[in-house]
Amino acid sequence: MLWIGGPPAAGKTTVARLIARRHGLRWYNADAHTWEHRDRAIAAGHPAAIRFEALSRAERWSVPEAELMAMSLHHERGRMIVDDLRALPPAPLIIAEGTPITPAVVATVPGGPASSVWLQPSAGVQRARLRERGLPAGPLTLYRSLVGEIEAEVAEYGARRLVIDGAREVEETVEAVEEIFAEALSAGPVAETAGERARLLRYANRAAVAQYEAFFARPWSPGDARTSVHAFACECGRADCRDDLDLAIADFPAPPDDAASPPVLAPGH
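So, how was this worked out
Residues numbered from 1 in each chain as written. Predicted model: local features only at pLDDT ≥ 70, side-chain atom pairs only at ≥ 80, totals over all residues. Heavy atoms only, no water. 1 Å grid on protein atoms, 1.4 Å probe; cavity = no way out; pocket = protein on both sides within 12 Å on 5 of 7 lines; lining within 4 Å. Points joined across faces, edges and corners; volume = space filled by probe spheres on them. Helix = DSSP H or I, 4+ residues; strand = E, 2+ residues; numbered from the N terminus. Nonpolar A, V, L, I, M, F, W, Y, C, P; charged D, E, K, R; others polar. Expected span 1.5 Å × (residues − 1). Buried < 20%, exposed > 50% of the residue type's maximum accessible area, 1.4 Å probe, protein only.

(A) Spotlight on empty space enclosed by the protein. Overall, the coordinates contain 1 cavity of 30 Å³ or more when judged by the stated rule. What the largest cavity holds in volume is close to 160 Å³. Residue assignment for the lining of the largest cavity shows that the elements contributing at least two residues are helix 1 (12–23) and helix 12 (194–216). With 4 residues, the single largest contributor to the lining of the largest cavity is helix 12. When the residues that make up the lining of the largest cavity are grouped by side-chain class, the tally is 11 nonpolar, 2 polar and 4 charged.

This is how it looks when you write it as structure tokens:
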């Protein structure tokens with residue numbers, strides 16, 4: 001297992017996705033399991049998860065900062081992520097990334113701290129990136145709280161960190177993370193064939209579809225599978241392919257994800 005943590009707008013998803021596609025790894029994106037994890041918390045009777053669902057979208061973002069943090073399930077989701085990963089096949093290597101991946105969570109996994117890094121954006125970089133997203137005040141408050149929470153835990157555990165200050169281009173950041181993970185990437189195992197890579201890409205794409213569908217199932221959700229579009233990874237399985245294609249959620253192939261299911265392919269692939 002390779003672990004990438006950090007606050008929102010650190011670049012975790014971009015880096016992990018590129019490394020997974022370049023090296024033939026399974027990419028676990030914690031964001032793609034948000035609503036699944038919320039459903040688990042609700043089923044377990046978690047008060048903050050239940051309150052989140054009961055509030056209107058406007059009300060839930062106007063609560064005090066401490067309650068915003070509680071309703072985010074930041075700490076609870078870390079344990080769920082570990083459970084998810086333990087249920088996956090042992091090969092190939094998994095690169096897991098997400099804000100709920102904290103040093104405390106990784107410390108519970110044998111060998112975890114040695115194969116982990118936290119991307120920490122400078123205040124200026126995070127402000128600029130969050131501004132680009134056009135987020136309202138409530139999410140901004142939560143995201144800033146998460147920055148402090150994660151930075152404190154990284155310092156407490158002496159975890160490895162990589163400061164994102166805008167001096168590196170994306171590719172340079174990817175290379176810096178690859179250097180940290182060099183020994184594990186060399187040891188593998190990794191996907192070798194186009195078919196193996198295609199199955200890993202389908203796994204990641206299917207997780208995105210499941211995330212949308214769990215969101216649309218909420219009675220207060222404003223979206224639907226016909227009009228919501230996602231940038232899916234091309235499933236050609238070529239080692240050098242980095243292409244995506246925009247597709248409505250409703251147009252993604254239905255399960256099961258077997259040999260008969262058509263791959264989603266970028267033009268010309």
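There's more to say after this.
(B) Spatial organisation of helix 9 (residues 137–157). Under the 1.5 Å per step criterion, the end-to-end length of helix 9 is 31 Å for 21 residues, consistent within 8% with the ideal 30 Å. Among the residues of helix 9, G138, P139, L140, L142, S145, L146, V147, I150, E153 and V154 are the ones counted as buried. Following helix 9 by one or two positions, G158 has its phi on the positive side, about 65°.

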